Amino acid sequence: DRVYASGPKGQPVVAFKDDGQGDVTGTHKAWEFTEAPTDWATPLLYDGKLFVLDGGKRILSRIDPKTGAKVWSGRLDVPDTIWSSPTGADGKIYLLSESGTVLVVSAGDEFKVLNRVTLEESPSRSSVVPLDGAILVRTGNHLYRFDGK
């Protein structure tokens, strides 16, 4: 019952009620999130939860998709920008930094980095892809497959 939108370069993430017609900018806005909005990544709606990445500041936030209230927010410990959009699979959020660091964050009730893999391959700007219990990571030079085994 909501439509989510985000503009570039620090514009707020906005939720609109989905029952309007025409220009609903002023009449159907449900909420907006301005604290750490996305800069270029697409917000992720996964398992009924909304995740917003500010890749320049390296902050991932979990937002209540109904109210826009922040559930948690955490700084991602990488030295470089994260250009990729977050990916959700298997109860986790996957991110890839520009220098090739893969971060695995819990999609749960608190911010927790579960794992990180440093590939040291730049530029890395693609989103992580889940596939049959594994993830695919494309860097500037290689395609990697990581299995959960």
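The preceding data block contains the structure.
Parameters and conventions
- Residues numbered from 1 in each chain as written.
- Predicted model: local features only at pLDDT ≥ 70, side-chain atom pairs only at ≥ 80, totals over all residues.
- Heavy atoms only, no water.
- Helix = DSSP H or I, 4+ residues; strand = E, 2+ residues; numbered from the N terminus.
- Buried < 20%, exposed > 50% of the residue type's maximum accessible area, 1.4 Å probe, protein only.
- Polar contact = N/O pair within 3.5 Å; in protein donor to acceptor, adjacent residues only side chain to side chain.
- Contact = heavy atoms within 4.5 Å.
- Pairing = 2+ DSSP bridges.
- Core = buried A, V, L, I, M, F, W, Y, C linked by side-chain atoms within 4.5 Å.
- Salt bridge = Lys/Arg side-chain N within 4 Å of Asp/Glu carboxyl O.
- Axes fitted to C-alpha atoms, helices over the stretch in contact; angles between N-to-C directions.

Asker: Sorry, what's going on with the side chain of Ser-84 here?
Answerer: Along the chain, Ser-84 turns up in the loop between β7 (70-75) and β8 (87-89). Of the residues examined, Ser-84 reaches a relative accessible area of 1% and is grouped as buried. Within polar-contact distance, the side chain of Ser-84 engages the backbone oxygen of Leu-96 at 3.1 Å. Those residues in contact with Ser-84 that lie beyond four places of it in its chain are Ala-41, Leu-53, Leu-95, Leu-96, Arg-125, Ser-126 and Ser-127.

Asker: Where do I start with the pairing of strand β13 (residues 134-138) in this structure?
Answerer: Regular strands place their side chains on alternate faces of the sheet. Two strands pair when backbone bridges link them, and strand β12 (residues 129-131) and β13 are joined in this way by three bridges, in the antiparallel orientation. Paired with Val-129 across the bridge in β13 is Leu-136. Where β12 folds back on β13, the antiparallel hairpin that results is connected by two residues, among which Asp-132 adopts a positive phi of roughly 50 degrees. Where β13 meets strand β14 (residues 143-147), five bridges bridge the pair, whose relative direction is antiparallel. Its bridge partner being in β14, Ala-134 is matched across the sheet by Asp-147.

Asker: How should I be thinking about the nonpolar core in this particular structure?
Answerer: If you look at the biggest cluster of nonpolar residues, it comprises 15 residues, and the most contacted ones within it are Phe-51, Leu-53, Leu-60, Leu-76, Ile-93, Leu-95 and Val-105. For this core, the secondary structure elements donating two or more residues are β4 (44-46), β5 (49-54), β9 (92-96) and β10 (101-106). Other than its neighbours up to four places away in sequence, Phe-51 contacts Pro-43, Leu-44, Tyr-46, Leu-60, Ser-61, Arg-62, Trp-72, Ile-93 and Ala-107. Among the nonpolar cores identified, the runner-up in size contains nine residues, and Ala-89, Leu-96, Val-102 and Val-128 belong to it.

Asker: Can you walk me through the pattern of salt bridges in this structure?
Answerer: Pairing between side chains of opposite charge can happen when the charged atoms of each approach one another. A complete count under the given rule lists nine salt bridges for this structure. A salt bridge links Lys-92 to Asp-90, with the nearest nitrogen and oxygen atoms 3.3 Å apart. Residue class for Asp-90 comes out exposed when judged on its relative accessible area of 65%. By sharing partners, the salt bridges in this structure join Asp-1, Arg-2 and Lys-66 into a single network.

Asker: I keep staring at unusual backbone geometry and nothing clicks. Help me out?
Answerer: Omega for the peptide link from Ser-122 to Pro-123 comes to 0 degrees, which places this bond in the cis form. By the secondary structure assignment, Pro-123 is in the loop between β11 (113-118) and β12. Located in the positive-phi region is Arg-58, a residue other than glycine, with phi close to 60 degrees. Relative to the elements of secondary structure, Arg-58 occurs in the loop between β5 and β6 (59-63). In this model, Asp-90 sits at a positive phi of 60 degrees, which is unusual for a non-glycine residue. Its place among the elements puts Asp-90 in the loop between β8 and β9.

Asker: Sorry, what's going on with the sheet that holds β14 here?
Answerer: Backbone hydrogen bonds hold the strands of a sheet together, and the pairing may be parallel or antiparallel. Spatially, three strands are ordered β12-β13-β14 in an open sheet, and the strand pairing comes out antiparallel. Looking at strand neighbours, the two that pair on one side only are β12 and β14, the edges of this open sheet. Going from strand to strand, the sheet's axes swing by 30 degrees on average, the running direction of each strand aside.

Asker: Please clarify how the sheet that holds strand β1 (residues 2-6) should be interpreted in this entry.
Answerer: Read from one edge to the other, the open sheet built from three strands follows the order β1-β2-β3, with strand pairing classed as antiparallel. Strands at the two margins of the open sheet, each flanked by one partner only, are β1 and β3 (29-33). Across this sheet, the average inter-strand angle for adjacent strands is 20 degrees, counted without regard to direction. The pairing of strand β2 (residues 13-17) with β3 spans four bridges and is classified as antiparallel. Across the sheet, Val-13 pairs through a bridge with Phe-33, a residue of β3.

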